[in-house]
Amino acid sequence: MRRNISWIAAPVLLLALTLAFKQDIVWAASVTVNSTTDISDGDTSSIANLIANPGADGVISLREAIEATNSTTGSDSIAFNISGCSGVCTIQPLSPLPVISDGGTMIDGYTQPGAVKATDVLSATLLIEIDGTQAGEADCFTITSSNNVLMGLVINRFGKNGVTIYGSAAVSNTVSGNYIGTNANGLQALGNQSRGVYIQFSSHNLIGGNSPSDRNVISGNNGSGVHLHTQTTENTVSGNYIGLNANGMGILPNKSDGVTLSSLATRNIIGGDTVGERNVISGNDGDGVSISSSGNVVSGNHIGTDLTGTVCRGNGTYWEGVTIWAGHDNIIGGNLSGEGNLIACNGVAGARITGSNAISNTVVGNVILANQQMGVSVDNGAARNIIGPDNIITYNGKNGVIVANSGFTLNFVGPRNVIAYNGRQGVYVSGTGRATISQNSIYANQYLGIEYGAEFIPRPIITSATCTGTSNIFGTACPGCIVEVFENSNTDGEGEAYLENAIANASGAFTITVGALNKRYLTATATDAVDGTSVFSTVFPVTAQFNIYLPTILNNYQ
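Here the structure is a predicted model, which means the values were calculated and not measured.

Reading the values: rules and limits
- Residues numbered from 1 in each chain as written.
- Predicted model: local features only at pLDDT ≥ 70, side-chain atom pairs only at ≥ 80, totals over all residues.
- Heavy atoms only, no water.
- Core = buried A, V, L, I, M, F, W, Y, C linked by side-chain atoms within 4.5 Å.
- Buried < 20%, exposed > 50% of the residue type's maximum accessible area, 1.4 Å probe, protein only.
- Helix = DSSP H or I, 4+ residues; strand = E, 2+ residues; numbered from the N terminus.
- Contact = heavy atoms within 4.5 Å.
- pLDDT = per-residue confidence, 0-100.
- Disulfide = S-S within 2.5 Å.
- Pairing = 2+ DSSP bridges.
- Axes fitted to C-alpha atoms, helices over the stretch in contact; angles between N-to-C directions.
- Phe/Tyr/Trp six-rings, centres within 6.5 Å; stacked < 30°, edge-to-face > 60°.
- Patch = residues over 30% accessible without salt bridge, like charges linked within 9 Å, V, L, I, M, F, W, Y side chains within 5 Å.
- Areas by Shrake-Rupley, 256 points an atom, 1.4 Å probe, with all protein chains shown as cover.
- Salt bridge = Lys/Arg side-chain N within 4 Å of Asp/Glu carboxyl O.

Undergrad: Please explain the nonpolar core as it appears in this structure.
TA: Here is a general trend for soluble globular proteins: nonpolar side chains tend to be buried in one another's company. In terms of nonpolar packing, the biggest core is built from 79 residues, with L62, I78, F80, I107, F141, V289 and I437 touching the most fellow members. If you tally residues by element for this core, the top one is helix 3 (residues 62-70), at four residues. Setting aside residues no more than four positions away along its own chain, F80 makes contact with T32, V33, L62, I91, I107, D108, G109, T111, Q112, P113, I128 and L153. Counting residues in each nonpolar core, the second largest holds 19 residues, with A477, C481, I512 and L517 among its members.

Undergrad: In this structure, what is going on with the confidence of the model for the protein? I would like to understand it.
TA: Residues shown with low pLDDT carry predicted positions that ought not to be read at fine detail. Per-residue pLDDT for the protein has a mean of 92; in total, 92% of the residues score no lower than 70. The lowest-confidence element of the protein is helix 4 (residues 550-556), averaging 39 in pLDDT; the highest-confidence one is strand 11 (residues 179-180), averaging 99.

Undergrad: Please explain the state of the cysteines as it appears in this structure.
TA: By definition, a disulfide is the covalent link that joins the sulfur atoms of two cysteine residues. Inspection of the entire model under this criterion finds three disulfides. Paired through a disulfide, C312 and C345 show a sulfur-sulfur distance of 2.1 Å. The S-S bond linking C312 to C345 shows a torsion near -55°; that makes this disulfide left-handed. Here C345 lies in the loop between strand 26 (342-344) and strand 27 (351-354) and C312 lies in the loop between strand 23 (302-303) and strand 24 (322-328), a separation of 33 residues in the sequence. On the basis of relative accessibility, which here comes to 45%, the residue C312 falls in the partly exposed class. Take C140: it sits in no disulfide, and the sulfur closest to it among the cysteines is that of C89, at 15 Å.

Undergrad: Before we go on, may I ask you to explain the pairing of strand 15 (residues 226-229) in this structure?
TA: Side-chain direction in a regular strand flips from residue to residue, so the side chains alternate between the two faces of the sheet. Looking at chain direction, strand 12 (residues 197-200) and strand 15 are connected through four bridges and run parallel. Bridging from a neighbouring strand, Y198 pairs with H227 of strand 15. Pairing of strand 15 with strand 18 (residues 259-262) involves four bridges; the strand directions are parallel. From the neighbouring strand, V226 faces strand 18, where its bridge partner is V259.

Undergrad: Looking at this structure, I do not really get the sheet that holds strand 41 (residues 461-468). What am I missing?
TA: Remark on secondary structure: sheet strands pair via backbone hydrogen bonds, oriented parallel or antiparallel. Spatially, 41-42-45 is the arrangement adopted by the three strands of the open sheet, whose pairing is antiparallel. The open sheet has two edge strands, strand 41 and strand 45 (509-514), and neither has a second partner. Across the sheet, the mean angle from the axis of one strand to that of its neighbour is 15°, orientation sign disregarded. Sheet topology places strand 42 (residues 470-476) next to strand 45; six bridges connect them, and they run antiparallel. Note on strand 45: the bridge partner recorded for T476 is A509.

Undergrad: Just to check I follow, could you spell out the packing of aromatic side chains for this structure?
TA: The geometry of an aromatic ring pair is captured by the separation of the ring centres together with the interplanar angle, meaning the angle of the planes. Within the structure shown, the criterion is met by seven aromatic pairs. Aromatic side chains Y166 and F201 sit 5.7 Å apart centroid to centroid with 85° between the ring planes, which places their arrangement in the edge-to-face category. Of this pair, Y166 sits in strand 9 (residues 163-166) while F201 sits in the loop between strand 12 and strand 13 (206-208), and the two are 35 residues apart along the sequence. With a relative accessible area of 39%, Y166 lands in the partly exposed category. The exposure class assigned to F201 is partly exposed, which follows from its relative accessible area of 28%.

Undergrad: Which parts of the structure should I look at to understand the pairing of strand 9?
TA: In this sheet, strand 9 lies alongside strand 6 (residues 141-143) in parallel orientation, the contact comprising three bridges. Each residue of the ladder has a partner; that of T142, found in strand 9, is T164. Sheet topology note: the strand 9/strand 12 ladder contains four bridges and is parallel. Considered in strand 12, the bridge of V163 is made with V197.

Undergrad: Which parts of the structure should I look at to understand unusual backbone geometry?
TA: Where the residue is not glycine, phi is negative for most of them; where a peptide bond is considered, it is trans in most cases. Following G388, the chain continues to P389 via a peptide bond in cis, the omega torsion being 0°. Residue position: P389 is located in the loop between strand 32 (386-387) and strand 33 (392-394). Of the consecutive residues G414 and P415, the connecting peptide bond is found in the cis state with omega at -5°. Mapping P415 onto the fold places it in the loop between strand 35 (411-413) and strand 36 (418-420). The residue T230 is not glycine, and still its phi comes out positive at about 60°. Residue position: T230 is located in the loop between strand 15 and strand 16 (236-238). Residues other than glycine seldom take positive phi values, yet R267 does so here, at roughly 55°. Note that R267 resides in the loop between strand 18 and strand 19 (269-271). A relative accessible area of 31% places R267 in the partly exposed class.

Undergrad: Any chance you could explain helix 3 here in plain terms?
TA: Each turn of an α-helix holds 3.6 residues, which means side chains three or four residues apart point in the same direction. For helix 3, the buried fraction is high: seven of the nine residues fall into the buried class. Within helix 3, the full set of buried residues consists of L62, R63, E64, A65, I66, A68 and T69.

Undergrad: Could you clarify how one ought to interpret a nonpolar patch on the surface in this entry?
TA: Residues Y318, W319 and W325 make up a contiguous nonpolar surface patch of roughly 360 Å² in combined accessible area. Mapped onto the secondary structure, W325 falls in strand 24.

Below you can see the structure in the form of C-alpha cells.
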C-alpha cells in the first residue's frame, strides 16, 4: 500500500514487521485438540502437563488447549486432529471459552486433516466449526493479548460476537482465513447475534490479509460484519468478503453495516491498493462502510458488487455504499493506482457525507456508478469536503452529485471528475447548499449539468470567439469571478471538456485564450469565493474553424 499520508508509514511498517515475525515464529510449544468435547478435566497448568495428563477422558478439548496455552509462556500453537467426524468437526462450547490472555498463541484450523486454504478460484475447505448455540451470551473468542492468530475456523451462532479483540494490550493480532457467521461451506448464514469481528481500545490488528488464503468470509451476522469502536487505531481490514458467501457471488447479508468505524476509531485502513487487499463489501442490510470518526482510509474495495465487479450486489435498500456521518480527514479512494473503490448498485447513494460534524473529508479516484439514487451526496451541514479529483460518477439513478442544505461553507467538486449519464442533474445544489464546481467533465446527464435550487451568482455570458490557430473566447461574468470555459459536442448545455480559466476584471469582462478547438459548442461557469459556482452559461456555437478528428466522427455514428 502506497500513500502520501504521513501517519500511514509507521503502522504499515509495524504491520510488515509483525507479519514477518509471525512467519518466522518458532513455537515454544504446541498442543493438538483431538476431541469435540467441551470438558476440562486435564492438567492445564502448562501445555506439557496437559499432554502428559489429559484427564480421565483421555482427550484434549479446545477449552483445555486454550487454558494450557494461557498458562505457558512463549509463543504457542493449537492444532487439530479430530477423528470420527463426518467431514466437519463441530465443537459446541457449553459456556464462554477462556479469554486468550497469553500473547503469541496461534489457533490453526487448517491443521485438521483435509482442510484446504482458499485460492484465487476456490473457496477454503474448513473442517473445524465452533458452534455457540450452547454457550449462552458469549463471544466465541475474546483476545486481550498481543500477536495471536486465529485461522481456518468456522465461527457461528454465538450469543455475542464471533471474535472480540479488546484492550490496549491486544495489539498485532491476526484473524485470517475464517468463516465468521456462516455454515461450514460458507454458503448459508448462521450468524452470531452481534458482530462478526469487534475491536475496541486496540491497535495494529489485521483482519484478513493480502492473499486468497487470508480471506475471511464475514457474513450473516446480526450486527456489523466488522466493527472498529472506541480508540481503535491503525488496524487493517483487507482481502475479505463481507456480506457475500464464500464464492464471492451470492448475498449473505450482515444485518447492519458491512464495516462500522465509530467513536474515535482513527487511522484505520479498509482495503488497500492491490487485488489481494481488496475487500468485497456487498449485500449488507446497512451501509457498506459506515464512518463516524476521523482519519480513516477506505481504498481499493468493491462496495456493492460481487467479487468480479460486474454483478450488482448492493448494500442496504435505504443505505449507502459508504457513509461518513461525522469526522474529518477520512479518505474514500486514493490518487494512486489501485486505491480507488468501485462503489456501485447501492440502495441510495454510492457515497454520502452528512451532518455538521462531517468536515474536510475526501472522495477521490473512485468509480461510482449505477447506485439507485445519487452518486455522491453531501448534505445536512457537511462542509469543506472534496469530491475529487478523478472520480468517475456515472449512470446513477438520480443526481451524479448533490450538495444539499450544507450551509454557507463551500464544498468542492473537482477537478477532473467525469460526471455523465446520470438520471437527473450532473451536479445539483439545493437549499442552503454552496459548492465550488471546477474543472470537471460534465455531460450527457438527463437534466442540467449544474443546477441550483436557488442561484446565488449569475451565469456568465460568452459573447464571441475567434478561432484562427489559437482561439480567443470573450465574455462577461461577475467581477472578480473565476470563469472556466468548456467545449462540447452538442447543445445540451453542459461542460464536456474543460479548456481554461481566467478572472473577470472589475467591469466583468474576461478573455480566455486556448489552442485549436476540437468541439463545436462552448459553455462557461463563474465561481466566487463566497457563493461557489454558477450554472453553465447559454451554449455558444463556434462558427469558425475547429478540428474534428476521425474518432469523434465515428463516435457520432455509433
